[in-house]
Amino acid sequence: NYSYSEQIFLQSEINLSGDITSLQFEYDGNQAFTDDIKVYMGHTAKSSFASTSDWVTSAGMTEVYDGTISVTTTEGWVTITLDNAFTYNNSDNLVIAVDENTNGYHSSSSDFYTLGTGNGTSRSNVYSNDFINPDPASPPSGYVQNYVPSLKLGILSCIAPSATSSVVENCNAGTFTVDVSVSSY
């Protein structure tokens, strides 16, 4: 079925500025499929969704990918190399939206892994429908969830991700993979 989802990742979970060039989602390998998707990213002051109609909407984000996502029957990380890098400021929280535009069903056992965010911390808002492909500029009410996807960000940055982050001299922008660590509840 069609779906549109938004997830909020906190600045404290990312803690690195730079150009996000790729996303990795963790998949269970239950079934192989290919879907048409669009991915949007944006900065937000929101730390959670207050209600099922509390979307950031695509007008407040940048489209960074328009293509397909293909998964295999092998469990592991699925990489999406972005068409357009997103410059993350490391001040605001990050919102990522995935607009899935392929009609049809996958096995109910096919899942992307998620991490719990605690009761009352609704950091995902999800809409899905068998017949209606939602408009990311004005999504209908979804359902809020107390989880976010298990995620890795590929970030080009002049700052090395470490406990004592320091600026790299004569930066040629190294690519760092940042595991977005969410405290599981």
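A brief structural summary. Per chain, residues are indexed from 1 in the order of the written sequence. In keeping with the model being predicted, local features are shown solely for residues with a pLDDT of at least 70 and side-chain atom pairs are shown and tallied solely at 80 or more, while totals for entire chains, interfaces and linings include all residues. Note that the side-chain values use all heavy atoms of the structure and ignore hydrogens as well as water.

## A few points about the overall build of the protein
Elements are defined by DSSP. Helices are runs of H or I of four residues or more, strands are runs of E of two residues or more, and each kind is numbered from the N terminus. A tally of helices and strands in the protein yields one helix and 12 strands. Reading the helices (α) and strands (β) of the protein from amino to carboxyl end gives β-α-β-β-β-β-β-β-β-β-β-β-β. Each residue gets one of three labels from its accessible area relative to the maximum for its type: buried under 20%, exposed over 50%, partly exposed in between, using a 1.4 Å probe on protein chains only. Burial statistics for the protein: of 185 residues in total, 43% are counted as buried. Whether two residues touch is decided by their heavy atoms; if any such pair falls within 4.5 Å, the residues are in contact. Taking all contacts inside the protein whose residues are at least 6 apart in sequence as the whole, residues at least 24 apart take part in 82%. Surface accessibility in these figures is a Shrake-Rupley result with a 1.4 Å probe; residues are shielded only by whichever protein chains are displayed. In the structure as shown, the protein presents an accessible area of about 8900 Å², 45% of it carried by carbon and sulfur atoms.

## Section: the pattern of salt bridges
The salt bridge definition used is simple: a Lys or Arg side-chain nitrogen within 4 Å of an Asp or Glu carboxyl oxygen. Taken as a whole, this structure holds two salt bridges when the rule is applied. A salt bridge links Arg123 to Glu13, with the nearest nitrogen and oxygen atoms 2.7 Å apart. Placement of Arg123 in the loop between strand E7 (114-116) and strand E8 (124-129) and of Glu13 in helix H1 (residues 11-14) is noted, with a sequence separation of 110 residues between them. Take Arg123 and Glu13: they sit in the same class, and that class is buried. Where Asp54 meets Lys46, a salt bridge forms, and the shortest distance between an N and an O atom there is 2.3 Å.

## With respect to the environment of Ser108
Locating Ser108 in the fold gives a position in the loop between strand E6 (93-100) and E7. Using a relative accessible area of 71% as the deciding quantity, one classes Ser108 as exposed. Distance from Ser108 to Asn30, taken between C-alpha atoms, is 9.4 Å for residues 78 residues apart in sequence.

## Focus on the layout of surface pockets
Both site types are read off a 1 Å grid over the protein atoms alone. A 1.4 Å probe that fits but cannot get out defines a cavity, while an open set with protein on both sides within 12 Å along at least five of seven lines defines a pocket; lining residues have an atom within 4 Å of a point. Grid points are joined across faces, edges and corners, and a volume is the space filled by probe spheres set on the points. Computed from the structure, the largest pocket encloses a volume of approximately 880 Å³. If you go around the largest pocket, you meet 29 residues; those closest to its centre are Ser3, Ser5, Ser110, Phe112 and Val126. Looking at the lining of the largest pocket residue by residue, the class counts come to 13 nonpolar, 13 polar and three charged. Polarity classes work like this: nonpolar for Ala, Val, Leu, Ile, Met, Phe, Trp, Tyr, Cys and Pro, charged for Asp, Glu, Lys and Arg, and polar for all others, with Gly in that last group.

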